[in-house]
Amino acid sequence: MKFHHIGIATPSIENLLLKLSKFLEIKEKSEIIYDKNQDASLCMITLSDGTKLELIEGGVVSNLIKKRNYLYHTCYEVSDITKTKNDLINEGAFLVSDAKEAILFNNRKVAFLMWDLGLIELVEENQDGVN
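A quick note: this is a predicted structure, and the numbers were derived from the prediction, not measured. (Residues numbered from 1 in each chain as written. Predicted model: local features only at pLDDT ≥ 70, side-chain atom pairs only at ≥ 80, totals over all residues. Heavy atoms only, no water.)

## Section: the pairing of strand β5 (residues 52-57)
Of all six residues in β5, five are buried; the element is thus mostly enclosed. As paired strands, strand β1 (residues 2-9) and β5 are joined by four bridges and run parallel to one another. Bridge pairing links Ile-8 to Leu-55 in β5. As judged from the six bridges shared by strand β4 (residues 40-47) and β5, these two strands associate in the antiparallel manner. Note that in β5 the partner of Met-44 across the bridge is Glu-54. Connecting β4 to the next strand, β5, in antiparallel fashion are four residues, including Gly-50 with a positive phi near 95 degrees. (Buried < 20%, exposed > 50% of the residue type's maximum accessible area, 1.4 Å probe, protein only. Helix = DSSP H or I, 4+ residues; strand = E, 2+ residues; numbered from the N terminus. Pairing = 2+ DSSP bridges.)

If you want it as structure tokens, here you go:
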């Protein structure tokens, strides 16, 4: 597993982008997209040091936002999402959302599991050089 990004819940991606740009140097920013499979609007930003943050708005994070809990998940890139998912389940993780295509990652599959590190997202390893 290779660290990929941190997922941040927000009531408004556009407002958060304005706030972040005052304090952080945003090197790259994706378009804000809606992914019906995730029930969320999403935007990936890359900071000047290479750190990636996925900003998430929508129903999937609404309960977290009500509790003012904005740290949503950590994401790890894996070469075999099915094997890694099963290995984690064998180590005590439980499946929250099974593997499905994610528009933000050019339809690479993602899965969510609750584990000792909290909610984690697994994303299929990039085969074509696009993050």
